[in-house]
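Here is what each chain is made of, one letter per residue.
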Amino acid sequence: MQYAKILGTGSYLPANRVSNDDLARKVDTSDEWITTRTGIKFRHIADDGEKTSDLAVEAARRALADAATDADEIDLIIVATATPDMQFPSTATIVQQKLGIANGCPAFDVQAVCAGFMYALNTADAYIKSGMAEKVLVIGAETFSRIVDWNDRTTCVLFGDGAGAVVLGASEETGIIHGKLKADGNYLGLLNTPGQIANGQICGSPYLTMDGPGVFKFAVKMLAKVAEEVISEAGFTAEQIDWLVPHQANRRIIESTAKHLGLPLEKVILTVQDHGNTSAASIPLALDSGIKNGQIRRGQHLLLEGIGGGFAWGAVLLRY
Ligand code: ACO
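Residues numbered from 1 in each chain as written. Predicted model: local features only at pLDDT ≥ 70, side-chain atom pairs only at ≥ 80, totals over all residues. Heavy atoms only, no water.

(A) Spotlight on the packing of helix 3 (residues 52-66) against helix 4 (residues 91-98). One can describe the packing of helix 3 onto helix 4 by two numbers: an axis separation of 9 Å at closest approach and a directional angle of 55°. Considered as vectors, helix 3 and helix 4 are oriented oblique to each other. Here helix 3 and helix 4 pass one another in a crossing that is right-handed. Facing helix 3, whose interface residues are T52, S53, D54, A56, V57 and R61, helix 4 presents T91, I94, V95 and K98. Each residue belonging to the contact of helix 3 with helix 4 can be placed in one class, and the counts come to four nonpolar, three polar and three charged. (Axes fitted to C-alpha atoms, helices over the stretch in contact; angles between N-to-C directions. Helix = DSSP H or I, 4+ residues; strand = E, 2+ residues; numbered from the N terminus. Parallel < 35°, antiparallel > 145°, perpendicular 65-115°, else oblique. Left-handed = near helix turned anticlockwise from the far one by under 90°. Contact = heavy atoms within 4.5 Å. Nonpolar A, V, L, I, M, F, W, Y, C, P; charged D, E, K, R; others polar.)

(B) Representation of the nonpolar core. Residues L303, I307 and F311 are the most contacted members of the largest nonpolar core, which totals 45 residues. Of all the secondary-structure elements, those providing two or more residues to this core are helix 7 (212-233), helix 8 (251-261), strand 14 (301-308) and strand 15 (312-319). Tallying contributions element by element places helix 7 first for this core, with nine residues. Counting only domains with at least three residues in this core, you end up with domain 1 (3-173) and domain 2 (177-319). When residues no more than four places from it in sequence are discounted, the contact partners of I307 are C114, A115, F218, A219, M222, L223, H247, A312 and W313. Core analysis: the next-biggest nonpolar cluster, separate from the first, contains 36 residues, A120, L121, I176 and I296 among them. (Core = buried A, V, L, I, M, F, W, Y, C linked by side-chain atoms within 4.5 Å. Buried < 20%, exposed > 50% of the residue type's maximum accessible area, 1.4 Å probe, protein only. Domains from an automatic or database assignment.)

(C) Structural detail: the side chain of N122. Its location among the elements puts N122 in helix 5 (residues 116-129). Leave out the neighbours within four places in its chain, and N122 touches G179, K180, L181, A315 and V316.

(D) Just the site of the ligand, in detail. Neighbouring residues of the ligand: 21 residues in total, closest T29, R37, R153, H247 and N250. With respect to the ligand, the side chain of R37 contributes an N or O atom lying 2.6 Å from an oxygen atom. Here an oxygen atom of the ligand and a side-chain polar atom of N277 are 3.0 Å apart. For the ligand, the protein covers 73% of the area, taking 1,000 Å² as the surface of the free molecule. Only helix 2 (31-38), helix 6 (153-156) and helix 7 provide two or more residues apiece to the shell around the ligand. Both of domain 1 (3-173) and domain 2 (177-319) provide at least three residues apiece to the shell around the ligand. (Near = heavy atom within 4 Å. Polar contact = N/O pair within 3.5 Å; in protein donor to acceptor, adjacent residues only side chain to side chain. Areas by Shrake-Rupley, 256 points an atom, 1.4 Å probe, with all protein chains shown as cover.)

(E) The arrangement of the UniProt feature "domain: Beta-ketoacyl-[acyl-carrier-protein] synthase III C-terminal" (unreviewed entry) in the chain in detail. The UniProt feature table records "domain: Beta-ketoacyl-[acyl-carrier-protein] synthase III C-terminal" (unreviewed entry) at residues 232-320. Along residues 232-320 one finds 31% helix and 22% strand; the C-alpha atoms at either end are 19 Å apart. (UniProt positions renumbered as here; feature names shortened; annotations may be inferred.)

(F) The arrangement of the pattern of salt bridges in detail. Under the counting rule described, the total for this entry stands at 14 salt bridges. Measuring nitrogen to oxygen at the nearest pair gives 2.6 Å for the salt bridge that ties R25 to D22. Classification of D22 by relative accessible area gives partly exposed; the value is 27%. Put simply, K225 and E229 hold a salt bridge, and the shortest N to O gap is 3.0 Å. Of this pair, K225 and E229 both sit in helix 7, four residues apart, which is roughly one turn of that helix. The partly exposed category is assigned to K225, whose relative accessible area is 45%. Members of the salt-bridge network, linked through shared partners, are K180, K225, E229 and E233. (Salt bridge = Lys/Arg side-chain N within 4 Å of Asp/Glu carboxyl O.)

Set out below in structure tokens:
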């Protein structure tokens, strides 16, 4: 039995760190409102010249170094993003070119917004388990600052830019144990960025629109359910989970999932205060942060979970 095992992780945040007070100077909001409702204190914003692929490449370089893997050993690249560099080609092919990977390996994007990393990780796991790939670079990278309306206080305070990457390798040792993906397109109206390029114009708003309370209710319910299902289908109990590594959208959503599972907050990786919601990048950013600061150690069991527009959601149980 071949497992997909995490060989190394890396992440990257743009240098520009923006506080709640900085935002309060631009829109009618306050540190107090943002902190109480979301737990967010800071977010990083990409410079004008910095593209999603640039963030992805920096995170990937760090993950490759951490995994002691040469870029040319990678035989599949998957980038989870809802903010690609271009309409086409995929950001994954741009990342392949920027990393100088010349072995012709397949590269594609996965679009499941904030659940993107769950979709990418499950896909990579399937490639490895089926023998179609041995070393996969899985990246979540976003520049959501480009699709939020900076005059809309109900959305702009929530998001940030960043990238996280994982090198997965085929291994006899236990890695990804079980994963599950879900989607329900009936909830499209809760969260979307409708604009599309057509006939030389952007048709529909280019900005993210969201029913905040609606998203909150749906996220809390579905994350608890999928997390529980993944744990029980794997034959585990919540007590065996060493760390919950959740999508970092909102501290209150994270607390609700942890409470539902009976996990104390000491077992939850929390980065939302420093990163804001970085969509597909948030889980690999939190994972890398937990590993690099010594919270997550080899041999521990992690439950990763995320949800986003679509709606799409999922969870993965793995042994690190
Ligand atoms: N600063 C100050 N006041 C604000 C702000 C702001 N940034 N934004 C909204 N308000 C005001 C509203 O205008 C409203 O005022 P009113 O009562 O005078 O009309 C009041 O605050 C309450 O607004 P609500 O939307 O009801 O506030 P709520 O308590 O629901 O919190 C929030 C809003 C934080 C967006 C919450 O609904 C939430 O976290 N939802 C989940 C959204 C999310 O995480 N989206 C990310 C993408 S999806 C994902 O990643 C899972």
